[in-house]
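# Working through the structure, step by step
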Amino acid sequence: MLDRDGPVPLYAQVADIMQEDINLGRLGVGDLVPSEAQLAQDFRIARTTARRVARELRDRGLAHTVQGEGTIVGPPGTPTPAVRKPVYVRIADGIVRRIIDGELRADRPIPSEKTLMRQHGVAKATVRQAVKLLREQGWVFTVAHRGTYVSDPEARSGSTRK
């Protein structure tokens, strides 16, 4: 339970809880620290406070941050489990599944940057990486000042995908 009226800042209290999780093995080396969005929700704190938690864990030498992946337990260079994909790849994979399942149809927009940011609790740069990957794979195309749309299946038939 956080002491919201006490002298210890909320970010330090949450960082103490995360440190205890690390010390007790609930979070192991290579594991992801909960995202800013998840920390904000779990502890009912502001997103900026959650961001400060990650900084505090880095300052304590308990974690490091990799852009597009998140904050990872352990020092920089710590190997992460091979099965973990970067967040932007997981976002792109989710959109591909929705296209394959017919939920997102050709020549119709994919969810907006703001929607994807909110759904996944990530920064705009991460969403843009996901959309760039989808464009490179031929799943979507972008029209300036209009949005990003699902490509026609025939237009992407020659590209290789998972």
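Above this note sits the structure.
As a starting point, this report considers the structure included with it. Remember, predicted model here, so these are calculated numbers, not experimental data. All residue numbers refer to positions counted from 1 along the written sequence of the respective chain. Selection of residues for local features in this predicted model requires a pLDDT of at least 70, selection of side-chain atom pairs for listing and counting requires 80 or more, and totals for whole chains, interfaces and linings are taken over all residues. Computation of side-chain values covers all heavy atoms of the structure but excludes hydrogens and water.

### Remarks on the packing of aromatic side chains
Two aromatic rings from Phe, Tyr or Trp, using only the six-membered ring of Trp, form a pair when their centres are within 6.5 Å; if the ring planes differ by under 30 degrees the pair is stacked, by over 60 it is edge-to-face, and anything between is tilted. Taken as a whole and judged by the stated rule, the model has one aromatic pair. Both rings, one in Phe-141 and one in Tyr-149, keep their centres 5.8 Å apart while their planes meet at 25°; by these two values the pair is stacked. For the exposure calls, accessible area comes from a 1.4 Å probe over protein chains only, and a residue counts as buried if that area is under 20% of its type's maximum, exposed if over 50%, partly exposed in between. What makes Phe-141 partly exposed here is its relative accessible area of 31%.

### Let's talk about unusual backbone geometry
Here Asp-107, not a glycine, exhibits a phi torsion of approximately 65°, which is positive. Numbering goes from the N terminus for both helices and strands, where a helix is a DSSP run of H or I of at least four residues and a strand is a run of E of at least two. Looking at the element boundaries, Asp-107 is found in the loop between α4 (87–100) and α5 (113–120).

### So, the packing of α5 against helix α6 (residues 124–137)
Running from amino to carboxyl end, α5 crosses α6 at an angle of 110°, the nearest separation of the two axes being 9 Å. Looking at the two axes, α5 sits roughly perpendicular to α6. For the element pair α5 and α6, the recorded crossing hand is right-handed. Two secondary-structure elements touch here, α5 through Glu-113, Leu-116 and Met-117 and α6 through Lys-124, Val-127 and Arg-128. In terms of residue class, the contact of α5 with α6 is built from three nonpolar, no polar and three charged. Axis definition: a line fitted to C-alpha atoms, over the contacting stretch in the case of helices. Angles run 0 to 180 degrees between N-to-C directions. Angle categories: roughly parallel below 35 degrees, roughly antiparallel above 145, roughly perpendicular from 65 to 115, and oblique for all the rest. Handedness of each helix crossing follows the sense of rotation of the near helix against the far helix: counterclockwise by less than a right angle gives left-handed, clockwise gives right-handed. Contacts are residue-level and defined by heavy atoms, with any inter-residue pair within 4.5 Å sufficient. Any residue outside Ala, Val, Leu, Ile, Met, Phe, Trp, Tyr, Cys, Pro, Asp, Glu, Lys and Arg is labelled polar, Gly included; the first ten of those are nonpolar and the last four are charged.

### Description of the nonpolar core
Ile-95, Ile-99, Ile-110 and Leu-134 are the most contacted members of the largest nonpolar core, which totals 19 residues. Counting residues per element, the ones that place at least two in this core are α4 and α6. Here this core gets seven residues from one element, more than from any other, and that element is α4. In this structure, Ile-95 is in contact with Leu-104, Ile-110, Leu-116 and Leu-134, ignoring residues within four places of it in sequence. We define a nonpolar core as any set of buried Ala, Val, Leu, Ile, Met, Phe, Trp, Tyr and Cys residues linked to one another through side-chain atoms lying within 4.5 Å. Of all hydrophobic cores here, the second largest spans 18 residues; its members include Ala-12, Ala-15, Val-33 and Leu-39.

### Side note on the pattern of salt bridges
In the sections that follow, a salt bridge refers to a side-chain nitrogen of Lys or Arg positioned within 4 Å of a carboxyl oxygen of Asp or Glu. Taken as a whole and judged by the stated rule, the model has nine salt bridges. With a closest N to O distance of 2.6 Å, Glu-113 and Arg-128 form a salt bridge. You can see Glu-113 sitting in helix α5 and its partner Arg-128 sitting in helix α6, a full 15 residues away along the chain. Salt bridges sharing common partners tie together Asp-16, Glu-56 and Arg-60.

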